[in-house]
Amino acid sequence: MKTANKILVDLSIAAVQLNPQIGKVNETITRAKMLLNQFKTKLEKREGNKNVDMIVFPEFALTGYNFLSRDHILPYTHTTKESPSFKFAQNVSKMFNCYTVIGYPESETESKKVLYNSAAVVSPQGELIFNYRKSFLYFTEDNWGCSENPKQFQNFPLTFKKKGKKLKDMSGDAIDVTLNTSIGICMDLSPYKFEAPFNDCEFASFNLDRKVELIICPMAWLHSSSITKQDYELNERSNQDIPKKLNDIEENLKSQGLSIIGSQSDFQLDLDNNNKTDPVASGSLDVDHTYNKLSKPDMSNVNYWLLRFLPFLQLNVRKYWASRGSMSDIFEDLGRPSYMGVSKNTYWAFSNRNSIMINANRCGVESGDTLFAGSSGIYKFNGRDDFNMAELAKDDNKRLDSTNPSVELYGNLGKGKEGIIMRDVQFEIER
Ligand code: GLN
């Protein structure tokens, strides 16, 4: 590998997992502060006294997510700088001298005519660096007339002071690094309106084409045992017995000693770099779809999120596609630089590159029917392409998940508990 222009970046990144309930912003802030204080104590006891460089909160981290109408959400919407979530993030940034990213309901102006589902990026000094608005909306956003990001997916520069070392001179001084960064809020990872072709992988392809190095995902992603809009519609047509399903959710929570909103204040703090997540193949029987073992990640969701980053995963069949002749012909029609990771010039545009992804997903239950999947985690796509091709080729399809050796799982929180995960990540960028 050419090391001439490479910089090794060293960051400590944290994802916060919360269970906010609508109408309980102050309670959520109180719990979040308790959690952050415990985190600070643990952090200060760490060897080497390393600071945290970035803390990522979930989508709608403090307000709750399941708003049923415009009137329901209006009291919780603010312009960015007036938002209690932004002010909270400023305090977090100053407390830890780090970047903070937080999801919140935004009104474009004080008149509250245009609303967005947004994420603010706050600098260590408490300044607003960037504000991203969700581009692909989920059913719940339709309830309150959320607008799509008019700018669609966006990338932006984020500078980390003294966090890089030139690979050709590792004994030299640490240098500042400006990372090509993007934000994807939950549904941004899904096919547009669940209607676009699955393999388009719009958000991942955007990140690949723009050479994004740091992908930040605040989320309120649902656990598969949730009752969704589709289930209710199906029920109207064929009577699927929603009351029984609601009762099952309640009974399941009760059997785990929990109320209908799930777990709060039973914090999980994981700062252990050695506590990596064991990969599990998506077809494996070890993938548990039930909402239990709340301190364990939901591997079906972890696998699904990774599958949505298919362009970043090593996939043998790309070489075969490339060997079938003119890729330029394919790309002439496509109107964008890559498809499933293949580009005009190379069979894998991500080969030999690195990107870090952080998922901060909320947990808990809202409205008795919407369970969130937690499992917040930190990942590195390592761009490695040097595996035994013949061996892997046999089960390519099985490897578009956490078992793919081109993705490293630094760790995940459990599916159902509030908490913080922090990892030291090292990756290479080219400059
Ligand atoms: N696709 C996501 C899900 O099914 C969307 C949720 C969201 O955008 N909050 O959970």
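Note that the structure is predicted; figures quoted are calculated from it, not measured.

Concerning the side chain of D188
Within the element layout of this structure, D188 appears in the loop between β7 (175–183) and α5 (202–209). Although D188 is buried, it forms no salt bridge, and the closest oppositely charged side chain is K134 at an N-O distance of 6.8 Å. Within polar-contact distance, the side chain of D188 engages the side chain of Y132 at 2.9 Å. In this structure the side chain of D188 is engaged in a polar contact, spanning 3.0 Å, whose partner is the backbone nitrogen of S135. Here D188 is in contact with Y132, K134, S135, F136, F153, I183 and F203, once residues within four sequence places are set aside.

As for the packing of helix α1 (residues 25–44) against helix α3 (residues 84–96)
To describe two helices that pack against each other, one gives the angle between their axes and the distance between the axes. Closest axis-to-axis distance for the α1/α3 pair is 12 Å, and the angle between their directions is 10 degrees. The angle between the axes of α1 and α3 places the two elements in the roughly parallel class. When you trace α1 past α3, the crossing you get is right-handed. In this structure, α1 uses I29, A32, K33, L36, N37, F39, K40 and L43 to contact α3, whose residues at the interface are F88, V92, M95 and F96. Of the residues belonging to the contact of α1 with α3, the class tally is 9 nonpolar, 1 polar and 2 charged.

Concerning the site of the ligand
Within the structure, the ligand sits among E59, Y65, K134, Y138, C186, M187, S190, F194, A220, W221 and L222. Within the side chain of E59, a nitrogen or oxygen atom sits 3.1 Å from a nitrogen atom of the ligand. Here S190 contributes a side-chain N or O atom positioned 3.0 Å from a nitrogen atom of the ligand. Protein burial of the ligand: of its 300 Å² of free accessible surface, 93% is covered by the chains. Residue composition of the shell around the ligand, by class: 8 nonpolar, 1 polar and 2 charged.

Here is what the cut-offs are and how they apply
Residues numbered from 1 in each chain as written. Predicted model: local features only at pLDDT ≥ 70, side-chain atom pairs only at ≥ 80, totals over all residues. Heavy atoms only, no water. Helix = DSSP H or I, 4+ residues; strand = E, 2+ residues; numbered from the N terminus. Buried < 20%, exposed > 50% of the residue type's maximum accessible area, 1.4 Å probe, protein only. Lys, Arg positive; Asp, Glu negative; His and termini not counted. Salt bridge = Lys/Arg side-chain N within 4 Å of Asp/Glu carboxyl O. Polar contact = N/O pair within 3.5 Å; in protein donor to acceptor, adjacent residues only side chain to side chain. Contact = heavy atoms within 4.5 Å. Axes fitted to C-alpha atoms, helices over the stretch in contact; angles between N-to-C directions. Parallel < 35°, antiparallel > 145°, perpendicular 65-115°, else oblique. Left-handed = near helix turned anticlockwise from the far one by under 90°. Nonpolar A, V, L, I, M, F, W, Y, C, P; charged D, E, K, R; others polar. Near = heavy atom within 4 Å. Areas by Shrake-Rupley, 256 points an atom, 1.4 Å probe, with all protein chains shown as cover.

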